[in-house]
Each structure stands twice: as C-alpha cells, then as structure tokens.
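Structure at a glance
The lines below spell out each chain.
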Amino acid sequence: MMTSRDVPITSSELANLWMTFQEKTMIIRMLEHFIEHADNAEKQLLLTHYNNASKAIDIIKGIFQQEEAVIPIGFTESDVQKGVPKLFDYLFDIMYLHMMTKVEMSLYSLFCGMSYRKDINDFFINLTAEAQEINCQATQFLLEKGVLVRPAFVSMPKEVHFVENKNYRNSFNLFSETRSLNTIEVSLIHHAIETNLVGMQLMIGFAQVASNKDVQNYLVKGMKLSKKIEIDLGEFLRQSYIEPPATHAGKATTSKIPPFSDKLMMYNTSLLTSFGLGSNALGGAFSLRNDLPAKMALLAKDIFTFAQDGGKIMIKNGWMEEPPQIEDRNQLTK
C-alpha cells in the first residue's frame, strides 16, 4: 500500500522545508545567546522553543535524506559566540521570542496551505500550533511583567451600522473632518508599531557589534527606518487621541562584542523586513481610510528599498544561500 512518504515532495514543499530550515537554524543560534544569560523564569520558555526548533530541524533533515536532497547549511555553531556579554537587556529575549513566533505563525500557516503530502502538511500544522502556544505564553509572560502594552480599549458597539457616505473613506478633503480610526485600523497599526519597537532595538544591538562596515551602516539605516515607521504610524493613533504602544524594557546594552555573525544578523534582518512588507500590505488592504493605505504604500517603498540593499550586501559577502532551483530547460536543451 502506498503511503504519503512514497510520493515525491513537490517544488513548493521543498521550498517551504528549505525556508523553515534556514529560519529554525537561525533562531536556535539566537536562542543559544539568550539562554546563556536568561533568568530561570525566562529560560524555561526559551528552552521549550529551542527544543521544538531542534526537533523540526531533525525532521527536515530526515525528509531531505529520504529524498536524496542535499541538506542546507543554514546557520551553525560558527554563527554564535558563547561566553560574551549579553547584547540585550531586561526581557528582550522574551520580546524577541514574542515577535519571532508571530513571524512563524504567519509562515507556517501559509506553508500548510502549500503542502500536499500528508506528513509534510501535518509537520507544518504542528509547527503552527507550537508557534501559537509559545506566542501565547510569551504574551502572558510579558503582560504579567508589565512590559507589553495592550491595544486601546473602546466602547462596545450597541447597534449595527452600514457605511452610507463615501466620505467614510476620504481623508484628504480639506473641507471635512477626518473620521476617527475604526478598530480594524487601530489593531493593524498597533501590531506594526509593536513589532517595529522590538525590531528597532534589534537593529541597534546588531549595529553596535557588526564587524563589516557595510553591514553596520545598513543596520543603522534599519534603526532609522524602524523609528520612522513608528513615528509615522503613531501619528494616526494620536490623531484619534490614542497613545501608541511603548515599553521601558528590552533595550540593547552597551556591549560591542558580537555574539552573532554578520551573516546571521543580516539574515534575521532580511526575514523581519520581508515580514514587515507583508504586514504593511495587509494594513493597507484592510484600511477603509484612504490616507492610511497611502502612507503604508510610501513606507512599503522604503522597506522594499531597504530589503534590496540588504540582499546586495549578503550576495557581495557570500552569505545568501541559494534556494533549490527548478531545472533550467533552456540550458539542458542546448
């Protein structure tokens, strides 16, 4: 009787497993530094995700070996330096975990819908559930510590309304008052700012310890871009008399000794930049006030340019591992 493992993996399944291998080997290296400096309360949560990631890597290796596919390099022990001072301060490790599990939930949910072989589909379903569980635990942990800001509370609706006036969308009319944000718009803005606050501190820490000058200059641009996104989107909340999220925790320390390779820091930045582009597109698509998608489009241009520049640096230094390629039939038929 044929089992799902008897069916070859598809191009999309190969791609998604390859991308997961890159992300999982990267996050393991990050967690190794965090675990080394974590308090007991934080360490258990970090270790749980570390162990889950290790198991996922072993499963991917097993599938690749069965398919007689080369195992990617990803990120190895050479990409993390142990015994160095911690790069980030109070609770940044859990804030980073909270942010990265958001990325993982989005990725693995997408990969589930792109998987056709049952064992691989089950694998991504399990990874999605693990990321959701860790994200939930990290959320509650940070709320209990008082360092994670909840989105704004609002009065509960008592009646159902339908949009009757085209001015509901129009925010560029000088002769009419701009309506306040709706809850969908507030939630998307809050999510973007919350992610950028952590991303900004990550860029600050990375920039302090980068060995390559091009990388350092690039990460400084990332710091400034994150700040610009936070300020620009925060202004939309302030116009509706809502304070943007902020936190006193999770700052970069003053250490200039690198715990991570430049290659790893660039990949982590690239992954978060790609996630930022996706979140930006989502925010623009679901907003019904036309000034918000316009601002999102301008920010997306800046994020895309930043991503392109990062790719050039990675290629220049030989840090961009090439994904599996489709057969080049033009070359094969020459």
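Notes on the structure follow. (Residues numbered from 1 in each chain as written. Predicted model: local features only at pLDDT ≥ 70, side-chain atom pairs only at ≥ 80, totals over all residues. Heavy atoms only, no water.)

A look at helix α8 (residues 291-316)
Residues lying three or four places apart along an α-helix face the same way, a consequence of the helix completing one turn every 3.6 residues. The terminal C-alpha atoms of α8 lie 38 Å apart, and with 26 residues this matches the ideal 38 Å at 1.5 Å per residue to within 8%. Listed as buried for α8 are D291, L292, M296, L299, A300, I303, F306, G310, G311, I313 and M314. With its phi angle positive at about 70°, G318 sits one or two positions after the end of α8. (Helix = DSSP H or I, 4+ residues; strand = E, 2+ residues; numbered from the N terminus. Expected span 1.5 Å × (residues − 1). Buried < 20%, exposed > 50% of the residue type's maximum accessible area, 1.4 Å probe, protein only.)

Observations concerning the pattern of salt bridges
Taken as a whole and assessed by the stated rule, the structure comprises 10 salt bridges. Residues D119 and R117 are paired through a salt bridge, measuring 2.8 Å at the closest nitrogen-oxygen approach. Notably, a salt bridge pairs K295 with D232, separated by 3.7 Å at the nearest N-O pair. Within this pair, whereas K295 is found in helix α8, its partner D232 is found in helix α6 (residues 213-239), the two being separated by 63 residues in sequence. With relative accessibility at 24%, the residue K295 sits in the partly exposed group. Owing to a relative accessible area of 17%, D232 belongs among the buried residues under this scheme. Each of E67, R117 and D119 takes part in one network of salt bridges that share partners. (Salt bridge = Lys/Arg side-chain N within 4 Å of Asp/Glu carboxyl O.)

What to know about the state of the cysteines
Under the definition given, this model contains zero disulfides. C136 takes part in no disulfide bond, and the closest cysteine sulfur, belonging to C112, lies 19 Å away. Taking the relative accessible area as the measure of exposure, C136 reaches 41% and is therefore partly exposed. (Disulfide = S-S within 2.5 Å.)

Details of the environment of D309
Residue placement: D309 occurs in helix α8. On the basis of relative accessibility, which here comes to 27%, the residue D309 falls in the partly exposed class. A sequence separation of 91 residues divides D309 from Y218, and the C-alpha atoms of the two residues are 7.9 Å apart.

A word on helix α2 (residues 40-66)
The first and last C-alpha atoms of α2 sit 39 Å apart over 27 residues, in line with the 39 Å expected at 1.5 Å per residue. Where α2 is concerned, the buried positions are E42, L45, L46, H49, N52, A53, A56, I57, I60, I63 and F64. In the core, the buried residues of α2 are packed alongside α1 (11-37), α3 (92-113) and α4 (118-145). Within two residues after α2, E68 carries a phi angle of roughly 60°, on the positive side. (Contact = heavy atoms within 4.5 Å.)

Quick notes on unusual backbone geometry
We note that E68 has phi near 60°; this positive angle belongs to a residue other than glycine. Turning to its location among the elements, E68 is positioned in the loop between α2 and α3. Classification of E68 as exposed rests on a relative accessible area of 77%.

Focus: the nonpolar core
Ranked by internal contacts, the top residues of the largest apolar core, which has 87 residues, are Y96, F206 and L233. When contributions to this core are tallied by element, the ones reaching two or more residues are α1, α2, α3, α4, α5 (183-209), α6, α7 (262-286) and α8. Setting aside residues no more than four positions away along its own chain, F206 makes contact with M30, L87, F88, L219, F260, M265, N268 and T269. (Core = buried A, V, L, I, M, F, W, Y, C linked by side-chain atoms within 4.5 Å.)

Structural notes on the environment of T305
Mapped onto the elements, T305 comes out in helix α8. As for T305 and L110, which are separated by 195 residues in sequence, their C-alpha atoms are 25 Å apart. Within the local environment of T305, its side chain forms a polar contact with the backbone oxygen of K301, the two atoms lying 3.0 Å apart. (Polar contact = N/O pair within 3.5 Å; in protein donor to acceptor, adjacent residues only side chain to side chain.)

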